[in-house]
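Descriptive structure summary
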Amino acid sequence: MTKSAGGKAQGWNQNPWVSYLLRRGMYFVVSMFVLVSLSFLLVQLIPGDPARISAGEAAPAELVEQRRTELGLDRPVIIQYLAFWGGLFTGDLGESITSRMPVIDVIMTRAPATLEIALIAVALTLVTSICLGLLFGALTRGDKRPGTEVGFTGATGILGVIPEFLAGIILVYFFAVNLDLVPVAGRSDFSSYILPVVALALGSTAGLTRIVRAEALNVLRQDYVRTARAKRMNPVRLYGRHVLPNLLTSTLTISGMMLGSMIAGTVLVENIFAWPGLGGTIVESIQGKDYPLVQGIIIFYGSLVLLINLIVDIVLITIDPRTALDKS
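Everything numeric in this text was worked out from a predicted model, so none of it was measured. Starting from 1, residues in each chain are numbered consecutively following that chain's sequence as written. Local features in this predicted model are restricted to residues of pLDDT 70 or higher, and side-chain atom pairs are both shown and tallied only at a pLDDT of 80 or more, whereas totals for entire chains, interfaces and linings draw on every residue. Note that water and hydrogens are dropped before the side-chain values are worked out from all heavy atoms of the structure.

If you look at the biggest cluster of nonpolar residues, it comprises 38 residues, and the most contacted ones within it are Ile107, Leu195, Ile263, Leu278 and Ile297. Where this core is concerned, the elements lending two or more residues are α5 (103–139), α7 (164–178), α8 (191–220), α10 (235–264), α11 (266–272), α12 (278–287) and α13 (291–319). Working rule for contacts: check all heavy atoms of both residues, and any pair within 4.5 Å makes them a contact. In this structure Ile107 touches Leu93, Pro112, Leu278, Gly296, Ile297 and Phe300, once residues within four positions along its chain are discounted. Side-chain atoms within 4.5 Å link the members of a nonpolar core, which is a set of buried Ala, Val, Leu, Ile, Met, Phe, Trp, Tyr and Cys residues. Three labels apply to residues, based on accessible area from a 1.4 Å probe with only protein chains included: buried if under 20% of the type maximum, exposed if over 50%, partly exposed otherwise in between. The next biggest cluster of nonpolar side chains, apart from the first, holds 14 residues, and it includes Leu208, Val219, Ala228 and Leu238. Starting at the N terminus, helices and strands are each numbered in turn, a helix being any DSSP run of H or I of at least four residues and a strand any DSSP run of E of at least two.

What follows is the structure in C-alpha cells.
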C-alpha cells in the first residue's frame, strides 16, 4: 500500500495498471464461459441423435441405448453440462464419434499445422501493414502525389474485399498451375507455406494498411511533427521515434479485431490447399455429425481468438500506458 499526495492510503486495486489488467482478465474469463457454454449447447440444439450416429443407422435400439450411456447422454442436461466443464479442466473433451480417438488428441495432432500458417499470417499482416501504411502516409501527406493516393486506395480497396477462399483459388491458378512456382496443395517444404499464408493475410493486410496510412496522416499533421520537420530532423528518426509509436495504439486496437477474423479464415484456406490442420477436420466433423469433435475445435478456435485480443491489449498498455489510465 502506498501514500497518495493527500496522505490517504492507495491500495493495489486503485493502481490503474492493476485495475485494467483485472478488468481485462475478467472479460477474458466471462468470454471463455460464454464460449464453452455455447459449444455445449451445440449438441443439445442440433437435430439428430449422437448416440444413433455413433452406433450406426442400422444398429438395434439396445446398442443405441448402450452407446447413449457410454456417451453420458442419458443423464440430465445440467449434469452433462457440469461434466463437460469438469472434462475441460482435466483435458478430457470426450471421444470423437467417427475415429473413436480422444478429441484432445485429434486437436493436438492437427493444431500445430493450423497455428503455423495462422501465426505467420498474423506476423506478416502486422509488419507489412505498418511498413506500407507508414510509407504511403509519408508519400501522400499534404495532398502530395494524388495519383499515388488514388492507386493505393483503389488497390487496397479491391484486395480488401476479396474473401480468403477466392484469394486462395486465384493464387493457385496463377502461381501453382500456370507458373508452377509453388506446390498446389499439401504441407511439405517452405514453398508450400507461401500460398496459404498469402491467401490468409492478403485481405487483412490491405484493410489494415489503409487504417495505418490514415493514422499516419493524422500524426503527420500534428504540430510537433511539423516542428521536427522544420528543424530538418533525420527522416529515420522522425518516423521511427515520433510517428510510428503514436500510430501503433490505434492500429493495434483495430488489428486485434481483424486478426481474430483472420484466424477463423484458416478453415476455408486449409480446405483449399489441403492443409493438414483443424480447418479440414472441422468440416469433416460437421459433415459426419461428430459433435464432440466439433465442440472441441470450436473451443480451440474461440480460445485462440480471445487470447490474441488479450495479448494485443497487454501490448497496448505496454506501448502506451495512457490506455490503462483512460479505461480505469
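Our focus in this paragraph is the packing of aromatic side chains. Whether two aromatic rings pair depends on their centres lying within 6.5 Å, for rings of Phe, Tyr and Trp, where Trp uses its six-membered ring; planes under 30 degrees apart make the pair stacked, over 60 edge-to-face, and the rest tilted. What the rule picks out here adds up to nine aromatic pairs. Relative to Phe84, the ring of Phe40 has its centre 5.7 Å away and its plane inclined at 45°; by these criteria the two rings are tilted. With Phe40 in helix α1 (residues 16–45) and Phe84 in helix α4 (residues 77–90), this pair connects stretches of sequence that are 44 residues apart. Residue Phe40 is classed as buried on the basis of its relative accessible area, which comes to 5%. Judged by relative accessible area, which is 12%, Phe84 ranks as buried. Cluster of aromatic residues (ring-pair linked, three or more members): Phe33, Phe40, Tyr81, Phe84, Trp85 and Phe89.

Turning our attention to the UniProt feature "transmembrane region" (unreviewed entry) in the chain. UniProt positions are given in the numbering used here, feature names are shortened, and annotations may be inferred rather than shown by experiment. As annotated in UniProt, the feature "transmembrane region" (unreviewed entry) corresponds to residues 26–46, 117–138, 150–173, 193–212, 247–273 and 293–319 in the numbering used here. Secondary structure content for residues 193–212 is 100% helix and 0% strand, while the C-alpha to C-alpha distance between its ends is 26 Å. Strand forms 0% of residues 247–273 and helix 93%; the C-alpha atoms that close the span are 35 Å apart.

So, on to the UniProt feature "domain: ABC transmembrane type-1" (unreviewed entry) in the chain. Per the UniProt record, "domain: ABC transmembrane type-1" (unreviewed entry) is found at residues 111–316. Helix and strand shares over residues 111–316 are 83% and 0% respectively, and the end C-alpha atoms of the span are 27 Å apart.

This next bit is on the pattern of salt bridges. Here, a salt bridge means any side-chain nitrogen of Lys or Arg that lies within 4 Å of a carboxyl oxygen of Asp or Glu. Counted by the stated rule, this structure contains three salt bridges. A salt bridge links Arg24 to Asp313, with the nearest nitrogen and oxygen atoms 2.2 Å apart. One end of the pair, Arg24, is in helix α1; the other, Asp313, is in helix α13, with 289 residues separating them in the sequence. Comparing Arg24 with Asp313 shows no difference in burial state: the two are buried. Taking the shortest distance from any N to any O, the salt bridge between Arg213 and Glu149 comes out at 3.1 Å. Remark: Glu149 occurs in helix α6 (residues 146–160) and Arg213 occurs in helix α8; sequence separation between them is 64 residues. Accessibility expressed as a relative area gives 9% for Arg213, which makes it buried.

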